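Analysis of the macromolecular model
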Amino acid sequence: LPVLEESVQMEVDSPAEPVTPNLQLPESLDLDAESVEDMEYSAAEMTAIEHYNQGVREYNRDNYALAVASLNEAITSDGEYAEAYLFRAAAKLALADPTAAMADYSTAIYVRPDYALAYFSRGALFYEMGEVASAMDDFGQAIALDPTYVEAYDFLGLAKATVGAHEEALVDFESAISIDPENERHSSSYANTKAQ
């Protein structure tokens with residue numbers, strides 16, 4: 001497996017443990033007093049945002065069980081909070097529960113069908129679970145929603161190379177390089193696939 005960019009690098013400890021994609025997740029929605037005055041939120045939305053921010057903080061501290069608890073509260077307050085489902089999925093992956101993570105990624109997509117990061121994240125999990133065709137579908141959808149999504153092109157190329165579609169993989173790697181030519185990882189992925 002070629003080395004993946006830090007924002008999407010997957011660490012494999014052992015075949016028995018599920019792999020957690022190290023994804024660049026959305027920033028928390030910390031609000032200062034001034035910005036809150038300019039925005040109008042219902043009490044439920046404010047509660048959801050507060051719990052979401054707490055969940056993000058706990059996730060960033062590697063307190064995944066506490067992150068899940070806070071994100072549960074955010075989702076209870078706002079059942080259509082796609083970012084909360086995404087972060088909760090990442091926390092559940094860190095707690096070795098890929099089935100629950102997959103459900104949360106799917107729910108994030110259901111409540112926000114234009115959420116490219118959710119498609120990418122679910123695709124990365126599909127890929128790690130060996131469901132390469134489903135992974136390719138999700139990476140393709142992420143690209144359709146955001147044609148500049150470099151990591152989605154990289155992963156789509158990686159998935160295609162996995163199934164032996166090396167020429168198609170090269171096209172995806174070339175697309176990633178054209179979007180972000182400064183990234184050294186693209187060159188190694190491209191070279192590894194071209195050599196096969």
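Scroll up a little and you will see the structure.
Turning next to the pattern of salt bridges. Between side chains of opposite charge, a pair can form as their charged atoms come close. Taken as a whole, this structure holds seven salt bridges when the rule is applied. Of the charged contacts, one joins Arg-61 and Glu-58 as a salt bridge, the two residues approaching to 3.4 Å between their closest N and O atoms. Classification of Arg-61 by relative accessible area gives partly exposed; the value is 49%. One connected set of salt bridges, linked through shared partners, spans Glu-83, Arg-112 and Asp-114.

A few words now on the nonpolar core. Formed by 49 residues in total, the largest nonpolar core has its most connected members in Tyr-52, Phe-120 and Phe-139. When contributions to this core are tallied by element, the ones reaching two or more residues are helix H2 (43-60), helix H3 (64-77), helix H4 (82-94), helix H5 (98-111), helix H6 (116-128), helix H7 (132-145) and helix H8 (150-162). Not counting residues up to four positions away in its chain, the partners in contact with Phe-139 are Phe-120, Gly-123, Ala-124, Tyr-127, Ala-152, Phe-155, Leu-156 and Ala-159.

Here we come to H6. Spanning 13 residues, H6 covers 18 Å between terminal C-alpha atoms, matching the ideal 18 Å at 1.5 Å per step. Counted residue by residue, H6 has twelve buried out of 13 residues, so it is predominantly covered. Looking at the packing, one finds that the buried side of H6 touches H4, H5, H7 and H8. Positioned one or two residues after H6, Gly-130 has a phi angle of 85 degrees, which is positive.

Despite not being glycine, Asp-62 shows a phi value in the positive range, around 65 degrees. Tracing the backbone through its elements, the reader meets Asp-62 in the loop between H2 and H3. Despite not being glycine, Ala-96 has its phi angle at roughly 65 degrees, a positive value. Residue position: Ala-96 is located in the loop between H4 and H5.

Close contact between H3 and H4 brings their axes to 9 Å; oriented N to C, the two are set at 155 degrees. By the angle class used here, H3 and H4 are roughly antiparallel. Classified by chirality, the crossing of H4 by H3 is left-handed. In contact with Tyr-64, Ala-67, Val-68, Leu-71, Asn-72, Ala-74 and Ile-75 of H3, H4 contributes Ala-84, Tyr-85, Phe-87, Arg-88, Ala-91, Lys-92 and Ala-94. Class assignment of the residues belonging to the contact of H3 with H4 gives a composition of eleven nonpolar, one polar and two charged.

Our focus in this paragraph is the packing of H5 against H6. Packing of H5 against H6 brings their axes to within 9 Å, and their N-to-C directions diverge by 155 degrees. Of the possible angle classes, the one that applies to H5 and H6 is roughly antiparallel. With respect to the hand of their crossing, H5 and H6 are arranged in left-handed fashion. Contacts between H5 and H6 pair Pro-98, Ala-101, Met-102, Tyr-105, Ser-106, Ala-108 and Ile-109 from the former with Ala-118, Tyr-119, Ser-121, Arg-122, Leu-125 and Phe-126 from the latter.

The subject of this paragraph is the environment of Leu-71. Mapped onto the secondary structure, Leu-71 falls in helix H3. Sequence separation between Leu-71 and Ala-84 is 13 residues, and the spatial gap between their C-alpha atoms is 5.8 Å. Beyond its immediate sequence surroundings of up to four residues, Leu-71 is in contact with His-51, Tyr-52, Gly-55, Ala-84, Phe-87 and Arg-88.

To continue, consider H5. With 14 residues, H5 extends 20 Å between its outermost C-alpha atoms, agreeing within 8% with the 20 Å of an ideal straight helix rising 1.5 Å per residue. Of the positions making up H5, those classed as buried are Pro-98, Ala-100, Ala-101, Met-102, Asp-104, Tyr-105, Ala-108 and Ile-109. If you follow the buried residues of H5, they end up packed against H4 and H6.

What follows concerns the side chain of Asp-172. Positionally, Asp-172 belongs in helix H9 (residues 166-179). Looking at Asp-172, the relative accessible area reads 7%, which means it is buried. Separated by 2.9 Å, the side chains of Asp-172 and Lys-160 make a polar contact. Apart from the residues within four sequence positions on either side, Asp-172 is in contact with Tyr-153, Leu-156, Gly-157 and Lys-160.

Definitions and limits used
Residues numbered from 1 in each chain as written. Predicted model: local features only at pLDDT ≥ 70, side-chain atom pairs only at ≥ 80, totals over all residues. Heavy atoms only, no water. Salt bridge = Lys/Arg side-chain N within 4 Å of Asp/Glu carboxyl O. Buried < 20%, exposed > 50% of the residue type's maximum accessible area, 1.4 Å probe, protein only. Core = buried A, V, L, I, M, F, W, Y, C linked by side-chain atoms within 4.5 Å. Helix = DSSP H or I, 4+ residues; strand = E, 2+ residues; numbered from the N terminus. Contact = heavy atoms within 4.5 Å. Expected span 1.5 Å × (residues − 1). Axes fitted to C-alpha atoms, helices over the stretch in contact; angles between N-to-C directions. Parallel < 35°, antiparallel > 145°, perpendicular 65-115°, else oblique. Left-handed = near helix turned anticlockwise from the far one by under 90°. Nonpolar A, V, L, I, M, F, W, Y, C, P; charged D, E, K, R; others polar. Polar contact = N/O pair within 3.5 Å; in protein donor to acceptor, adjacent residues only side chain to side chain.

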